[in-house]
Amino acid sequence: MQSKMQSTTGHFLPCLLLAICAAALTANAQVVDTDPRTIVVVENQENVKLSCRIGRPAQLCLIRLPGVNDQFSLDPNVASPVPGMSYHGDGLDKGSCGVRIARVTAENAGLMNCTLFVDGRGLTGSIEIVVAFPPEQPAIEVVSGNLANLEVNSELTFRCISARGNPAAKLLWFLDQEQVYEGVKMEELEEYFDERSNKRYFTASSTLTRSIRAEDNGKRLTCQAEHDAYPEKYSRTDLIMNVNFQPQALPDQVVYGLQLGRTATASMVIKANPSPRVLWSIDGIDYHQGTEQGRYAVPIPEALGNNHYNVSLTIAGLTLEDLSKMYVMRASNNFGTEDYRLSLRSQDEVFSESSSFGTGEIVGLVLAVLIVLLAVALIFIARATGRWCFRGKSSSTSTSAAKIGETDTIDNGVGETMLPPPTMIVPSVASSPAVPNGDSHPPTPDPNSSILRPTNMRHPLDASGPYPLGAVRREPQLSVNSGNFDNASVLSSDSCSTVGYGDPNQVGLPPVAGAQKRWIPHQQRELLEKQAQLLLSGAAIKRKRETEIF
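Residues numbered from 1 in each chain as written. Predicted model: local features only at pLDDT ≥ 70, side-chain atom pairs only at ≥ 80, totals over all residues. Heavy atoms only, no water.

(A) Local environment of the sheet that holds strand β24 (residues 285-288). As summarised here, the arrangement of the five strands in space is β21-β30-β29-β23-β24, forming an open sheet in which the pairing is mixed. Strands at the two margins of the open sheet, each flanked by one partner only, are β21 (253-258) and β24. Sheet twist, expressed as the mean angle between neighbouring strand axes with direction ignored, is 25°. (Pairing = 2+ DSSP bridges. Helix = DSSP H or I, 4+ residues; strand = E, 2+ residues; numbered from the N terminus. Axes fitted to C-alpha atoms, helices over the stretch in contact; angles between N-to-C directions.)

(B) Highlighting the pattern of salt bridges. Evaluation of the coordinates by the stated rule reveals 13 salt bridges. Of the charged contacts in the structure, one is a salt bridge between Glu-46 and Arg-103, with a shortest N-O distance of 2.9 Å. Taken together, the residues span a long stretch of sequence, with Glu-46 in strand β3 (residues 46-53) and Arg-103 in strand β7 (residues 96-103) at a distance of 57 residues. Classification of Glu-46 as partly exposed rests on a relative accessible area of 46%. Judged by its relative accessible area of 45%, Arg-103 is partly exposed. Here Arg-330 and Asp-339 are joined by a salt bridge, their closest N and O atoms 2.7 Å apart. Within the structure, one salt-bridge network assembled from shared partners comprises Asp-283, Arg-295, Asp-322 and Lys-325. (Salt bridge = Lys/Arg side-chain N within 4 Å of Asp/Glu carboxyl O. Buried < 20%, exposed > 50% of the residue type's maximum accessible area, 1.4 Å probe, protein only.)

(C) Layout of the sheet that holds strand β9 (residues 121-132). Taken in spatial order, the five strands of this open sheet run β2-β9-β8-β4-β5, and their pairing is mixed. Both outer strands of the open sheet, β2 (38-42) and β5 (72-73), are each paired with one neighbouring strand and no more. Both β2 and β9 contribute to a ladder of five bridges, which runs parallel. Within β9, the residue paired with Ile-39 across the bridge is Ile-129.

(D) Fine view of the confidence of the model for the chain. Per-residue confidence for the chain averages 74 on the pLDDT scale, and 67% of its residues sit at or above 70. Under a pLDDT of 50 for its full length, residues 1-28 has, in the predicted model, zero contacts with residues more than four places off or in other chains. Long-range and interchain partners of residues 393-517, a stretch whose pLDDT sits below 50, account for 205 contacts in this model, where long-range means more than four residues apart. (pLDDT = per-residue confidence, 0-100. Contact = heavy atoms within 4.5 Å.)

(E) Focus on the state of the cysteines. Counted according to the given criterion, the structure contains three disulfides. Between Cys-160 and Cys-223 runs a disulfide, and the two sulfur atoms are separated by 1.6 Å. Every disulfide takes its handedness from the sign of the S-S torsion; for Cys-160 and Cys-223 that torsion is -80°, giving left-handed. Here Cys-160, found in strand β12 (residues 155-165), pairs with Cys-223, found in strand β18 (residues 220-226); they are 63 residues apart in sequence, far enough to count as distant. Side by side, Cys-160 and Cys-223 carry an identical accessibility label, which is buried. (Disulfide = S-S within 2.5 Å.)

(F) Region of the structure containing the nonpolar core. Leu-50, Ile-63, Met-85, Ile-101, Met-112 and Ile-129 are the most contacted members of the largest nonpolar core, which totals 30 residues. Breaking this core down by element, the ones donating at least two residues are β2, β3, β4 (60-64), β6 (85-87), β7, β8 (110-118) and β9. Among all residues touching Leu-50, those that are not within four sequence positions of it are Asp-35, Pro-36, Ile-39, His-88, Gly-98, Val-99, Ile-101, Met-112, Ile-127 and Ile-129. If you look at the next biggest cluster of nonpolar residues, it comprises 24 residues, including Leu-258, Ile-270, Val-298 and Leu-323. (Core = buried A, V, L, I, M, F, W, Y, C linked by side-chain atoms within 4.5 Å.)

Encoded structure:
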């Protein structure tokens, strides 16, 4: 058993030593860096430089290049054995090995190998040289569809081919300088090898499938091939698309600003290819292009370019009846027919339409009027019922300012204007029986009884002569305003609050306690009573009118 273990150990130790040595060699192995890894050059390009480098000093640099039969060595201090090839780098002592090619040819395409010998061992790196040569000019062909008779909504498939280039060209589609992405499909590259020239060729192709539209007419379809070997880096091929289509539809047209009584020309612009033939229908009568019949003339459509045509109708002596008609124009070509409707408007109609209210303005105006009417109605109701701001305000609303020494006229509410009595002294209220409400002829009051004191006469305290003791001197009262003089203001008790005076709006009230009596002439008293009755009757009539309104 022991001998067996010794035998196994004897075999394991050599294997372990070999593995350690291999790992050490691998760790010490050098890698050749190349710059660049791949280079693309055009044929006959000059001074192309290729570099290889290693991290240790090298003793020898060997180059193998396509197009050169044998491998050759390069040294910065020794002339190159191959014409057109020379050393490129920082020196062998720095591990640099490279080559400068004076002029690249198509035979130089392929892998260039550079081998550096370090301590007797050769380490190799590779650089791929691609010698680009331009492909043929791209060509466009129609795979499906009729290019000579393009119609709207027809589908065509185009193919662009860029042949025999190295590397393959990049293909793009454009429609009037705008790149097209929809319907584009790149096909697989086709590769060729020419043994005689030792060249490799590539052919690129791309297809475009498009549904033809009316706006495509006259546009330029372009296939662009991009390649480094082209002098301008790209090459293009174009074709013009001639699309045939019927006259295109338009919404109803309106011609504004025509003058009545003058010759009017109504026109519209339509789109068609080829040019359309037009026919106007007016009141069931057909008017063909290039003809003149009665008051109507139809010119031949005028070409405006890019398949646009101006179609017009001339009317001599425009009338109001002409403005009420609907004019129908029919345009047709070999690919279809389209009808158009046209109406006319005069200058007056244009002004009327521009200055008229819209629906929003009318609704707003109606609402504003309703709000104003509602506010006025509420004010009249409030005044008639003595509510809100009119309650307890009769004395202020039923009088107007009066100055001493001025004489005012008073409207009694029934359309009569009366002058106030002359300046006089108003006595205090005396005891007297009240006048019944139902008596049409109140009895003649006692000379010492109270009477209605005219509101707009001069205040008795301002008159000459003595005035009752204890009476308060008052400012001039406000004159009666017939427009605001209603029943509520007449019967208000707030209109006379001065000590020593009775209510000026009532006759025959019981005497006020403590009031002093003064005598007044009988004729003046009768005049004042009549004025009071007129005022009361006028206020009642006005209130009755307001009540009937609401």
